[in-house]
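Fold and contact review
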Amino acid sequence: MFAKLLAPPARLHVQLEQQAVFTYPTLLQPLTGPPAHESALRGLVKLELPTKRKLRSLFVVIRGENAKVAEVGRNGNEAWAHLKGVETDVTMERRLDFEVEGVEEMESGEHVFEFDFPIPHSTAASGPTRFLQTRHTVTASLEFATGRLTTVSSPSVRFWVVPLRNQPTEIPETFELSYEHNSTELGPLRIHLFSPQLTLGALIHGSLFIASPPSPLTITSIRLFLTSSHRVVPAHPDVDFPISHLADTGSSPTVSEFDSVNKVLDAGQEWHYKGIFVMPQCWPDHAEPTTLAGQDSRVNTTHKLSLQIRFKSTSASSIKATTISLPVVVDSCVSMDESHRLPPYTEIPPDTEVRKILDIYARIDSLETLDPCPETNEAFASFTRAGEAEGRLEAHWSKLLVTSTNESRSWLSYFSGRKEPVALSRFPYLANYAALVRLEAGLLKAVGATLHQVIFIGSGPLPLSSILLGRDHIEPAGVRGWEITSVDLDSDALVAGATLTSAALASTLSRPAGKPTIECKYGSGNFAFLAESALNLKPALIASAGVVMLAALVGMTKGAKLEIALHLISSMSTPNWLRRRESKERRWNW
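What this report covers is the structure whose coordinates are included nearby.

Reading the values: the criteria
- The residue numbering used here restarts from 1 in each chain and proceeds along that chain's sequence as written.
- This being a predicted model, a pLDDT of at least 70 is required before a residue's local features are given, and a value of 80 or more before pairs of side-chain atoms are given or counted; all residues contribute to the totals for chains, interfaces and linings.
- Only hydrogens and water are set aside when side-chain values are computed; all heavy atoms of the structure are taken into account.
- Working definition: helices are DSSP H or I runs of at least four residues, strands are E runs of at least two. Numbering for both runs from the N terminus.
- Relative accessibility under 20% of the residue-type maximum defines a buried residue, over 50% an exposed one, and the middle range a partly exposed one, all with a 1.4 Å probe and only protein chains included.
- In this analysis, two residues are considered to be in contact whenever any of their non-hydrogen atoms come within 4.5 Å of each other.
- Here the expected span of a helix is defined as 1.5 Å times the quantity of residues minus one.
- Distance and chemistry together define a polar contact, namely a pair of N or O atoms within 3.5 Å, with one atom able to donate a hydrogen and the other to accept it when in protein, and with adjacent residues in sequence counting only for side-chain atoms on both sides.
- The pairing criterion is simple: DSSP has to find at least two bridges between the two strands.
- Think of each axis as a best-fit line through the C-alpha atoms, taken over the contacting stretch in the case of a helix, with angles from 0 to 180 degrees between the N-to-C directions.

Scanning the protein chain for helices and strands turns up 9 helices and 26 strands. Counting all 590 residues of the protein chain, 47% fall into the buried class. Summarising the internal contacts of the protein chain: among those between residues at least 6 apart in sequence, 73% fall at separations of at least 24.

Okay, here's the thing in structure tokens:
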């Protein structure tokens, strides 16, 4: 009796199998068959008993609640929110009991109980908004049949409910939006917006084409901003509950990205603008994804993406603005759940595309001359198609690595402001890239090349070479203030590559004022991304680089490759190095 009184108290702990539960409101729509996926929260309850005890009950409760946000703001890079804790609204409460009542006495030691809670696809998303903080927690409790201390509860463990627009096994769609508009003062306009996926924190590549302004004018700036509209849904229509008094906000800009251009246009002069903009993030911007149909949310959020052109005519000093707004759906910062696993890799049969590419290479390698002729033209036409296929493959893997959450960032780390790198090891040929970069870095070191400034031309949407060179070779070598500039003619591919680099290095992308690049800080160095043709690179940029890397697919003909190489060499300073990748041999020019 006295031993039980002096023994330490019993302890309860909850351990979750996953920190996030992905729901699919689209599965609530009418389907021809049963839902393909059932969301569930799985975990363990650990009970530590110092002595034998008889239990009356042991149960787990999951709970969802809203707390009204009094105000939000920033302190430097830190975001904060004050909650009015008394104004809460329970959105979900479920209890699961374990069968322990019939047990005479439970032995001392550790006992483990498994639980599995179904989570409806209509469950409101976890996370902050400008009005509410939606939290979901799990708590375990037990009641002893006898003794002075009859009730014990575990600390509450938080989990995240994340609604996804794409159904299980679906790869997210690329966001691409084109729109034409005829402005009275600017003339015909064409807008094109692109992102590998429109999520919180994503990059957007925007382009604007002004065909023929009716009169001379100056374009002062281009502005891209996201507008959020919120509609409050009362929780209890028949009860005067505090949170139900939240007011609709109408529209408010969530993020505003300016690009000062100050471009003077004559009447009838064409102008093509390209820019890269960054979507807001959950923290510290207090942004939230679009509310999906079927979500049981207290605050329904919709979004519009707007491009604003500010200009002034030569005869007036006041600045005018033309704004074009289009409705969009903004996803959460991830788009794939644990069911999105890649199929196992098998041996490639000899009659597949890989075999065809090898055959094309053998045909080109056997040609006596590369001068234009029917045989040469046919071989290189096939090779060009193979190059396009490789580009699409890289774009697919870039998107897959960024959006996958299997080994990437946890939702707890995302909402707490910490970042974790995505696992590049998912890419099946990463070892090949690592071996090539290791060999190149060793050769560069052997010849005394400096890696303080490196330009990689033709980086594409999967810039693994630049990532591995900076992360595994330059930064560990103690080079201070280094920079790798990735250059690609395809702006969409460049945006995808920058997004992957940011995710792989758990870093944040930025666009410095007055510079044409987007950048990603890492350690003591920097990754920069420039949308430009190799032939249009400024001589000063080329001269500043200790090493210029030229990808194998830059220049699809012998003449084009030679023209690019000569342009680079003419601008390089001794003893700078040009590394030109080829499939058969390594060549070095300086």
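With that settled, consider helix H7 (residues 491-504). Here H7 is 14 residues long and its end C-alpha atoms lie 20 Å apart, about the 20 Å a rise of 1.5 Å per residue gives. Of all 14 residues in H7, 13 are buried; the element is thus mostly enclosed. A distance of 3.0 Å separates the backbone nitrogen of Asp492 from a side-chain oxygen at the start of H7, and that oxygen is part of Asp490. Where H7 terminates, the next one or two residues include Ala506, which has phi positive at roughly 55°.

As a further point, take the pairing of strand S14 (residues 217-232). Where a strand is regular, its side chains alternate between the two sheet faces. Across the 16 residues that make up S14, a large majority, 14, are buried. Bridging between S14 and strand S17 (residues 299-313) involves 15 bridges; their strand directions are antiparallel. Within S17, the residue paired with Thr218 across the bridge is Lys312.

Next up on the list: the pairing of S17. In terms of strand pairing, S17 meets strand S18 (residues 320-328) through 9 bridges, oriented antiparallel. From the neighbouring strand, His303 faces S18, where its bridge partner is Val328.

Pairing in this open sheet of 4 strands is antiparallel, and the strands run S11-S12-S13-S16 from one edge to the other. Edge positions in the open sheet fall to strand S11 (175-183) and strand S16 (271-278), since each of these has one partner strand only. Within this sheet the neighbouring strands show an average axis-to-axis angle of 15°, counted without direction. Bridging between strand S12 (residues 187-195) and strand S13 (residues 203-210) involves 6 bridges; their strand directions are antiparallel. Within the sheet, the bridge partner assigned to Ile191 lies in S13 and is Leu208. Across the face of the sheet, H7 comes into contact with S12, S13 and S16 while running at roughly 160° to S13.

What is shown is where atoms sit, not what they do.
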